[in-house]
Each structure stands twice: as structure tokens, then as C-alpha cells.
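Coordinates in review
One-letter residues, chain by chain:
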Amino acid sequence: MSGGPAITLKSQPIDGNNGNSGNAAAQQQQTANNAAAGASSSSSSQASSGTVPPAPEGTRQSSLQRIQLRKQKVFNLPEAQKLAKLSMYSACQFEGCRCTGWKTPQENRHRDVESSYCPEPTEECRNASCRHPLRSHISHLTEISRSSMDELLGAIIDMENLFMSMQRVEDEDTKKVYLYLFRLLRQCVLTRQQAVIRGPLGDPPFESPCITKAVLSLVFYKYNHLNPTELQTMTEVAKTFLNFLNHYNFESPSARRGDPTLTHEDASTYKINYTRWLVFCHVPAFCNSLRQFETSLVFGRTLLRTVFQYMSQQLKKKCISERDRFPEDKRSIITQMPKFLEALRAELLKDDSPIWDSTYRPPNSFVVQQRKRHQEVAPPPTISSAGAAAPSGSKRSSVGEPAHKRVKKEVAERVTT
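This report concerns the structure included in the present document.

So, how was this worked out
- Residues numbered from 1 in each chain as written.
- Predicted model: local features only at pLDDT ≥ 70, side-chain atom pairs only at ≥ 80, totals over all residues.
- Heavy atoms only, no water.
- Helix = DSSP H or I, 4+ residues; strand = E, 2+ residues; numbered from the N terminus.
- Buried < 20%, exposed > 50% of the residue type's maximum accessible area, 1.4 Å probe, protein only.
- Areas by Shrake-Rupley, 256 points an atom, 1.4 Å probe, with all protein chains shown as cover.
- Phe/Tyr/Trp six-rings, centres within 6.5 Å; stacked < 30°, edge-to-face > 60°.
- Lys NZ or Arg CZ within 6 Å of the ring centre and 35° of its normal.
- Core = buried A, V, L, I, M, F, W, Y, C linked by side-chain atoms within 4.5 Å.
- Contact = heavy atoms within 4.5 Å.

This part is about the overall build of the chain. Scanning the chain for helices and strands turns up 15 helices and 6 strands. Buried positions account for 54% of the 417 residues belonging to the chain. Carbon and sulfur atoms make up 50% of the accessible area of the chain, which totals about 19,100 Å².

The structure is reproduced here in C-alpha cells:
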């Protein structure tokens, strides 16, 4: 899908055609159910770790894997079945027809195009205002490349997972964001254009310096006087903290309304940042048609201040409960974490802390030295926000992942330079 016009956040439907935007997704509900149920229960899961208690880590990971396996299954379908799947989200090409998705004939409405059902090109759309054959919904798709077709199919599965997630989520703020992203992907599939999110949310990164840069600056600012072994330990502590933050499940604004420490202004700012987190970090974990960013690379001091107290308490509890999971030579990470969190809290409260100055930068010699140590020393076990040590080598599958996601890795590399 090529880059298309920006679609800004808005409450009205994008499709505007007899409420048809959810019909195809509902029609595919049975097929999507297992994968989408995993998506809704693990919707804040990231690549290597889930974040929504109380479901076990293995359940969330397997849910994400099921989503990727379903995508791969669809990518491997014969072209006729792929086109049938695409037709359900493709506008009728018959002149004057406004139908935005082919609907399976009544007698076949419970059959699944992802498994045993391959409709004939002559089968008519069930939509009373259309009644045109299947071929009228796919005539513009027969010449597109296989990679473009798979990218569209991947976006459709993401959209169906979002539709199912939207049915399960209870928080109204979160539901509205899911609905917006569902409509965004629906429109992008319809127009065969890449999803672009612009508008009141702004573009990431949202603050400078980002949390990652500030935390690495803290390591130099507070611990550069230590011997190399101790300094390396504090570096690993910092990276463990960042990993926890990147997989942290932020509370919805409604859940924080009773927090006496939040002023009206803080609550308003948190709602904006929560929405940004959902759109740019949280949902793309299971909808990889959307561009994903690491929380620590796009947010800064403002967000961290609002969540730090409760998040640090949770991290301390995880350190205690997961101590035995760590190799003995890495347990110093656990014991040093409270000290590190206290130092970070102090710098969060200081108005003149140098680590939050965008011009503050550790010397190049320190950066090079840390990079060299990182290459020489195996990465420490990570503490997930779900209460289980995440496998150090686990990564989100790249099946169906758009090329533009590589930008995130480049941004991460630039932060330390």
C-alpha cells in the first residue's frame, strides 16, 4: 500500500455506507475469534512480553503467535480465496454502486473463505443495494503484486482483531480509540493506502529528551565514578527498567480519576498521552499494519512523572518475586533496582536536573565504552510487566510487517549517539 492522505482523529464514521464498516468483520467473527480474543486479552503485549494481568505470559505470547500464524495461513491461500477475502472489504466497481464490501450470499454466509469456501466470481453480493457479482468487487485487484495483496490481507486481519477487541474492552476511552483505528484501517484497505495518523495527537517523539536518553544520561551522571563492573551493573539495571516501561500496561484515564495526586491539568495531559500510547505503542503490538514505537523512545518526563510512583512500586515487587529466576551472577540487578529507582525519582522531581536537559549529553568516550561493554556482556534477563521473566531472545514475528517499521530500530540506535 502506498502512502495515502492523512486521516485525522474524528468521531464520525469513515465509511458512511449503511453501517457496512463492521459487517465483514462481524461475518468473519468465528474465524477471527481465537486470534482476536488473544489480541484483546494481550492488546498491550509487546514483542517479547505481555502486559495485561492476570493472563499468564505464555497465554499472551501464544495469542500473538496465533495471530501471526493466521496471517501466514491467509498468505498461503490460493489466489482465488485471497481475492474472496479482499472482496469483503473492497468497493464494488460497478458504476454508481456505493457498496464498500461484498457480502456472502445467504446460503453461504456461515462458510469460511479462509478454509473451505471459495466463492464463484458470479456469486452475487447479499447487500440489497448492490447485488453485483463477486468479480465486481475484485476486478481492480487482480493485477496487484503478491506482496501488495498480502499487505492488504494483513491489514484486514489486524482490522478484524481490532473489531473483536473493541467488543471486549470495557473502558470507553479505550473503546473510542479502538474504533478510530478500526475505521482508519478499514479506509486504508478500501483505498489501498498506508495508514497515516495525524491530527491533535501530534507526531512521535512527543518530548525531548526521551525517557531512554534521560535514563542513560542518569547512569553517567550518577554512576560514572564507579568501577567498571559496578557501572556495567547499573547500566543493566537501567536497561531492565526501560524494558519494563516499554511493556508496561498504562491505566486508562477513567481508572485514574480517583487519584488525589492528579490535578485537573495533569489528568488532561495524561489522557492525551494515554491515547498516544494506545495509538503508537500499544495497539501496533498486535496490529503490525500500524507503525509501532517504543514507549521510552517517544515519551519523556511528563508521562514518566504521572506513572512513576505506581509503576516503580510494581517493578520493586517484580524484582522480589522474580529474584530466583535470575542467574546468580545477575542478581545484583535486582538488588540495585531500588537504589536506581530512588535516584531516578529524585531527578524527576528536580526542575533543574541535567538529565532532562535536551542539550545534556554524556561524553562520546562514555558512550563508546558502554557500547563496547554491551557487546562483550550477554544481555541480562528481563522483567516483564506481566510478572514473568521474558525470554531474552523472544521477538515479535516479522510476518507481514511493513518495511517502514525498520525506522524504529534506526531511531533506537540514534538515541545512544
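Once the structure has been displayed, the description carries forward.
Inspection of the secondary structure assignment puts Gln72 in helix H3 (residues 57-75). Each C-alpha atom, one on Gln72 and one on Gly154, is 8.9 Å from the other, the two residues being 82 residues apart in sequence.

Further remarks concern the packing of aromatic side chains. Summed over the entire model, instances satisfying the criterion amount to 12 aromatic pairs. Taking 5.2 Å as the distance between ring centres and 35 degrees as the angle between the ring planes, the aromatic pair formed by Phe206 and Phe299 counts as tilted. In this pair, Phe206 is assigned in the loop between strand S4 (197-198) and helix H8 (211-223) and Phe299 in the loop between helix H11 (295-298) and helix H12 (301-321), connecting sequence segments 93 residues apart. When the centroid spacing of 6.0 Å and the interplanar angle of 75 degrees are considered together, the rings of Phe280 and Phe293 count as edge-to-face. Of the two residues, Phe280 is situated in helix H10 (residues 264-282) and Phe293 in the loop between H10 and H11; the sequence distance between them amounts to 13 residues. You can call Phe280 buried: its relative accessible area is 5%. A cation over an aromatic ring shows up here: Arg256 above the ring of Tyr270, its NZ or CZ 4.7 Å from the ring centre.

Let us now look at helix H4 (residues 79-87). In an α-helix, one turn spans 3.6 residues, which is why side chains three or four residues apart end up on the same side. Counting buried residues along H4, 7 of its 9 residues qualify, which places the element largely inside the surrounding structure. All of the buried residues along H4 are Gln81, Lys82, Leu83, Ala84, Lys85, Leu86 and Ser87.

Quick look at the nonpolar core now. Taken as a class, soluble globular proteins show a tendency for nonpolar side chains to be buried jointly. Core analysis: the largest hydrophobic core is formed by 99 residues, its most contacted members being Leu162, Leu181, Phe241, Phe250, Leu304, Phe340 and Leu344. Top contributing element to this core by residue count: helix H6 (residues 146-168), with 11 residues. Residues contacting Leu344, with those up to four places away along its chain left out, are Val215, Leu218, Phe241, Leu304, Phe308 and Ile355.

That is the geometry; function is a separate question.
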